[in-house]
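Secondary and tertiary structure notes
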Amino acid sequence: MNRAYNQQYGCNFTAVIPTNVYGPHDNFNLEDGHVLPGLIHKVYTAKKNETPFTVWGTGKPLRQFIYSIDLAKLMIWVLRDYKEISPIILSVDEKDEVSIKEAAEMVVEAFNFKGEVIYDSTKSDGQFKKTASNAKLRKYLPNFNFTPIRQGIKETVDWFQDNYDTARK
Ligand code: GDP
């Protein structure tokens, strides 16, 4: 459709494709939120109530997570400097893909949670991996520094704790 608008009317519309986004101000609802805010909310509750922390599935699936602040910077770059009509994937490098287990462990560490962690393999793992190439982005921005996921998770956990009463959950 963007190509058609460009050909017929000269419009400069494009599309961005982010991978799994996380960060402050997310939807932390357990039913309809995405995995990282879900894990953060669950560890918060487990720590407060001294109950186990349950991760859905085996923890083995792999995902590329992008910090919302990094995505915001890239969106502004797209608006200002990306001139192509064809879409661009906004993602961390393939080497920065992490397992759900690694992500869950980083959340546990950020909360300094010492309780039991359970992997509920009766729950679905979903797709094993959804690896996306950011080669096109890297061609334009070879030096863009993504926030390391450990740091992004720590900042999100701190935000959630500081804003628990008003956070979307
Ligand atoms: P989502 O859109 O963020 O839920 O991401 P995906 O569906 O791509 O992958 C989520 C992965 O995390 C799946 O393997 C789930 O089994 C796993 N998972 C573990 N705990 C949770 C949780 O509390 N919430 C969600 N949404 N997924 C979880």
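Before going into details, it helps to say that this report is about the structure given with it. None of the values given here were measured: they were computed from a predicted structure. (Residues numbered from 1 in each chain as written. Predicted model: local features only at pLDDT ≥ 70, side-chain atom pairs only at ≥ 80, totals over all residues. Heavy atoms only, no water.)

Here the focus is a nonpolar patch on the surface. Taken together, Met1, Tyr5, Tyr9 and Phe13 make up a surface patch of nonpolar side chains, about 500 Å² in accessible area. The topology assignment puts Tyr5 in helix α1 (residues 2-9). (Patch = residues over 30% accessible without salt bridge, like charges linked within 9 Å, V, L, I, M, F, W, Y side chains within 5 Å. Areas by Shrake-Rupley, 256 points an atom, 1.4 Å probe, with all protein chains shown as cover. Salt bridge = Lys/Arg side-chain N within 4 Å of Asp/Glu carboxyl O. Helix = DSSP H or I, 4+ residues; strand = E, 2+ residues; numbered from the N terminus.)

Turning our attention to the pairing of strand β3 (residues 53-56). Alternating residues of β3 divide into Phe53 and Val55, all buried, and Thr54 and Trp56, none buried. Relative to strand β8 (residues 117-120), β3 is paired through 4 bridges, and the arrangement is parallel. Its bridge partner lying in β8, Trp56 is registered against Asp120. (Buried < 20%, exposed > 50% of the residue type's maximum accessible area, 1.4 Å probe, protein only. Pairing = 2+ DSSP bridges.)

As a volume, the largest pocket reaches approximately 460 Å³. Lining the largest pocket are 19 residues; nearest its centre among them are His34, Val35, Trp56, Ile100 and Ser124. Among the elements of the structure, α2 (35-49) and β3 are those that each provide at least two residues to the lining of the largest pocket. Tallied by class, residues from the lining of the largest pocket come to 7 nonpolar, 7 polar and 5 charged. (1 Å grid on protein atoms, 1.4 Å probe; cavity = no way out; pocket = protein on both sides within 12 Å on 5 of 7 lines; lining within 4 Å. Points joined across faces, edges and corners; volume = space filled by probe spheres on them. Nonpolar A, V, L, I, M, F, W, Y, C, P; charged D, E, K, R; others polar.)

Another aspect to go through is the site of the ligand. Taken together, 14 residues lie around the ligand, and His34, Val35, Lys42, Asp125 and Lys130 are the ones closest in. Between the ligand and His34 there is a distance of 2.7 Å, counted from an oxygen atom to a side-chain nitrogen or oxygen. Within the complex, 85% of the 550 Å² of free accessible area of the ligand lies under protein. Because more than half of its atoms lie within 2 Å of the grid, the ligand is assigned to the largest pocket. Of all the elements in the fold, those that place two or more residues in the shell around the ligand are α2 and β3. Residue contributions to the shell around the ligand peak at 3 residues, all from α2. Within the shell around the ligand, the residues separate by chemical class into 6 nonpolar, 4 polar and 4 charged. (Near = heavy atom within 4 Å. Polar contact = N/O pair within 3.5 Å; in protein donor to acceptor, adjacent residues only side chain to side chain. Sits in = over half its atoms within 2 Å of the grid points.)

As far as function goes, none of this settles anything; it's purely spatial.
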